[in-house]
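The primary structure of each chain is shown beneath.
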There are 2 protein chains.
Amino acid sequence: MKDEFEWIKTISPASHKQSSLIQGIGDDAALIKGSALDQIVCLDTMVEGVHFTQSTLTPFQVGHKALAANISDIAAMGGIPLFYLVSISIPPSWEEGELSQIYKGMAALAEEYDMDLIGGDTVSTKGPLVLSVTVLGQVEQGRKLLRSNAEPDDVVFVSGPVGDSAGGLSLLLERSHQGEFSTVEALLVKEHQLPLPHVGAGRILAKSNRRVALNDISDGMASEANEIAEASSVSITLFHDKLPKSAAIQHYPSKMQDEWMLFGGEDYKLIGTMSPDAFPEVQAACEKAGICLTVIGRVTKGTPGVLLDRGTSIEKLSKAGYNHFSD
Amino acid sequence: MKDEFEWIKTISPASHKQSSLIQGIGDDAALIKGSALDQIVCLDTMVEGVHFTQSTLTPFQVGHKALAANISDIAAMGGIPLFYLVSISIPPSWEEGELSQIYKGMAALAEEYDMDLIGGDTVSTKGPLVLSVTVLGQVEQGRKLLRSNAEPDDVVFVSGPVGDSAGGLSLLLERSHQGEFSTVEALLVKEHQLPLPHVGAGRILAKSNRRVALNDISDGMASEANEIAEASSVSITLFHDKLPKSAAIQHYPSKMQDEWMLFGGEDYKLIGTMSPDAFPEVQAACEKAGICLTVIGRVTKGTPGVLLDRGTSIEKLSKAGYNHFSD
């Protein structure tokens, strides 16, 4: 890249979708009309060599995934994603064409939700590429789909099968994204490379106006269920035979399936709890929208934590998601 | 660092200042009550080895400065800074005590404005430390202190002396922050290490409800004035003998002063333009608040650009601020 000012012009959108945007890229900060709706904001970072490598994701997919991870956090609050800001730290080894692809990957996903790119920062680094994305969203006043909302007797649900992303990652680490994949393998690989956040499910849950505890599955189901259990001071039991599995993942040994489903992460499905009385209505609304909410467990009083019921045995399920600083 | 989850607990504030905050750190995203005021948002990044080194800034100062740069962007929109999110990419060489100091540097500055830390991300990297900060703020409805607001006949003003930060940087590059500094030198060094954004001046300008073009001086006065000239399609003339100088900077040769003032950057003062009729009232209000607005130039019709009038000669002042990708 020769000139950051010229570069910023190439990534600045020519028009915007959201009528509430007063000023996007091109001033000191973005300016947005006030709204009676509650605001949601999150900031997530992807580092080359940690969250992805150039052999697991194409630049387009890096962009898609960085934005998807943030939209997923908005979905987990029941919100509508509206705006995003991108900070990119660029090493000399990345070429301008590849950087453009990162922004195209974000723009393509943003298009799905009529989101506008409204700001950020472009800087150089001697280290790996670092991509930080901030997403702003909105949700109807007073909706609080927090982890701390779970109560005893709640059902535990998930908004789709999990584990495919981890399965895809293991294939990519073996063969890289330029490798040859069977149809089944390609499905897993795609789940890792181009995950779709579950905004639709989050919106139905928010609009139900019921008490809902909700988390997106970024660090693995075991980790996310533990976060709900801890925040709500409840015990959660997951039923092993109820965990939804994609057809693709069922081609693999069951030990591998378990590892991917429970500890894999980056699935961006939603896991939550709500009262068994309120659940059927929400489940039906989701079904109508083509989203399958599956009951996978139950909340009980007890020591905060997660148990996995395998029918013949019950085991404690510790967090064991990806910890950035463990050995 | 051993465990990111434990670490996040240590940096999570025990209470918050802003009553509009519904949920801060501890869920998928932060949740904030809606407001009729317009929202402002920005995202800025500091990279070790590019924006600072461990010999120019202490970890506390790194934190202070990363937040200050973002608050300054809110100030340049006339806004009130309210919330911040922090994404940090941590190399193995940084120790937990140093990382805590980064957060303490941010918290100390946030305290000045009753700002709350409401989210972010903590990840590992094999490269240099990268710190991305998002700040959210508010401004009264319809106030647009944009770069594109300048009109011919406007006065050009600045909210304080500039160049000290660049002077301080040159001393730090020579001797590091552990070096010995005279009283004068220490003043310059402090301006580089612990700059204070000009929120007060921005607020007075916003509340005046006048047409104001405004920029914060992060990349040097020449660069910022050029941004206003380009965005507004006007010519700006700066009068060399009107540029305010600190007493400290006047100890140095005038060539050096010019270099630091015009191309130094990281001063976080505000530069702007407004009608000469409206200016005295705003200037008086600033003076009452202990802020000195100085007229340094004039806007005219003409080719977009900036001229420096030295009395005996006039020269074109190109951007020449720090470009991340020039050689």
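Only a predicted model underlies this, so the values are computations on that prediction, with no experimental measurement involved.

Considering the relation of the copies chain A and chain B
Moving on, step 1. Turning chain A through 180 degrees and shifting it by 0.0 Å along the axis lays it on chain B, with an RMSD of 0.0 Å. Each copy turns onto its partner about a two-fold axis. Identified as the residue of chain A closest to the rotation axis by C-alpha distance is G127 of chain A, at 2.0 Å.
Moving on, step 2. A high fraction, 100%, of the interface residues of chain A reappear at the interface in chain B, so the copies pair face to face through one surface.

A look at the pairing of strand 12 (residues 305-309) of chain A
All names here are of chain A.
Moving on, step 1. Within strand 12, 4 of the 5 residues are buried, which leaves it mostly tucked inside the rest of the structure.
Moving on, step 2. For strand 9 (residues 235-239) and strand 12, the ladder comprises 5 bridges, and the chain directions are parallel. Paired with F239 across the bridge in strand 12 is D309.
Moving on, step 3. Pairing of strand 12 with strand 13 (residues 314-316), which is carried by 3 bridges, proceeds in the antiparallel orientation. Paired with D309 across the strands is I314, a residue of strand 13.
Moving on, step 4. The hairpin formed by strand 12 and strand 13 contains 4 residues between the paired strands, and G311 there has a positive phi angle of roughly 90 degrees.

Overview of the interface of chain A and chain B
Moving on, step 1. On the chain B side, the residues contacting the 70 residues of chain A number 70 residues.
Moving on, step 2. Both sides together, the interface formed by chain A and chain B hides about 5,500 Å², and carbon and sulfur atoms give 55% of it.
Moving on, step 3. Scanning the region where chain A abuts chain B turns up 4 salt bridges.
Moving on, step 4. Our count for the contact surface shared by chain A and chain B stands at 20 residue pairs in polar contact (both at pLDDT 80 or more).
Moving on, step 5. Counting residues per element, the ones that place at least two in the side of chain A that touches chain B are helix 1 (4-11), strand 1 (21-23), strand 2 (30-32), strand 3 (38-47), strand 4 (80-90), strand 5 (116-124), strand 6 (130-139) and strand 8 (213-216) of chain A.
Moving on, step 6. Looking at the side of chain A that touches chain B element by element, the count peaks at 9 residues for strand 3 of chain A.
Moving on, step 7. The pairing of strand 3 of chain A with strand 2 (residues 30-32) of chain B spans 3 bridges and is antiparallel. Note on strand 2 of chain B: the bridge partner recorded for Q39 of chain A is I32 of chain B.

Details of the UniProt feature "binding site: Mg(2+) 3" (unreviewed entry) in chain A
Moving on, step 1. Residues given the UniProt feature "binding site: Mg(2+) 3" (unreviewed entry) here are D28, D73 and D216 of chain A. Over a stretch of 189 residues, the named residues are scattered through the fold, their C-alpha atoms separated by up to 32.4 Å.
Moving on, step 2. Examined against the element boundaries, D216 of chain A turns out to sit in strand 8.
Moving on, step 3. Judged by its relative accessible area of 1%, D216 of chain A falls in the buried class.
Moving on, step 4. If we ignore the near neighbours within four places in the chain, the residues touching D216 of chain A are A69, S72, D73, A76, E224, Y268, K269 and L270 of chain A together with D28 of chain B.
Moving on, step 5. A polar contact of 2.6 Å, which involves the side chain of D216 of chain A, links it to the side chain of S72 of chain A.

Calculation notes
- Residues numbered from 1 in each chain as written.
- Chains lettered and ligands numbered in written order.
- Predicted model: local features only at pLDDT ≥ 70, side-chain atom pairs only at ≥ 80, totals over all residues.
- Heavy atoms only, no water.
- Least-squares fit on C-alpha atoms with pLDDT ≥ 70 in both.
- Contact = heavy atoms within 4.5 Å.
- Buried < 20%, exposed > 50% of the residue type's maximum accessible area, 1.4 Å probe, protein only.
- Helix = DSSP H or I, 4+ residues; strand = E, 2+ residues; numbered from the N terminus.
- Pairing = 2+ DSSP bridges.
- Buried area = accessible area lost by both parts, 1.4 Å probe.
- Salt bridge = Lys/Arg side-chain N within 4 Å of Asp/Glu carboxyl O.
- Polar contact = N/O pair within 3.5 Å; in protein donor to acceptor, adjacent residues only side chain to side chain.
- UniProt positions renumbered as here; feature names shortened; annotations may be inferred.

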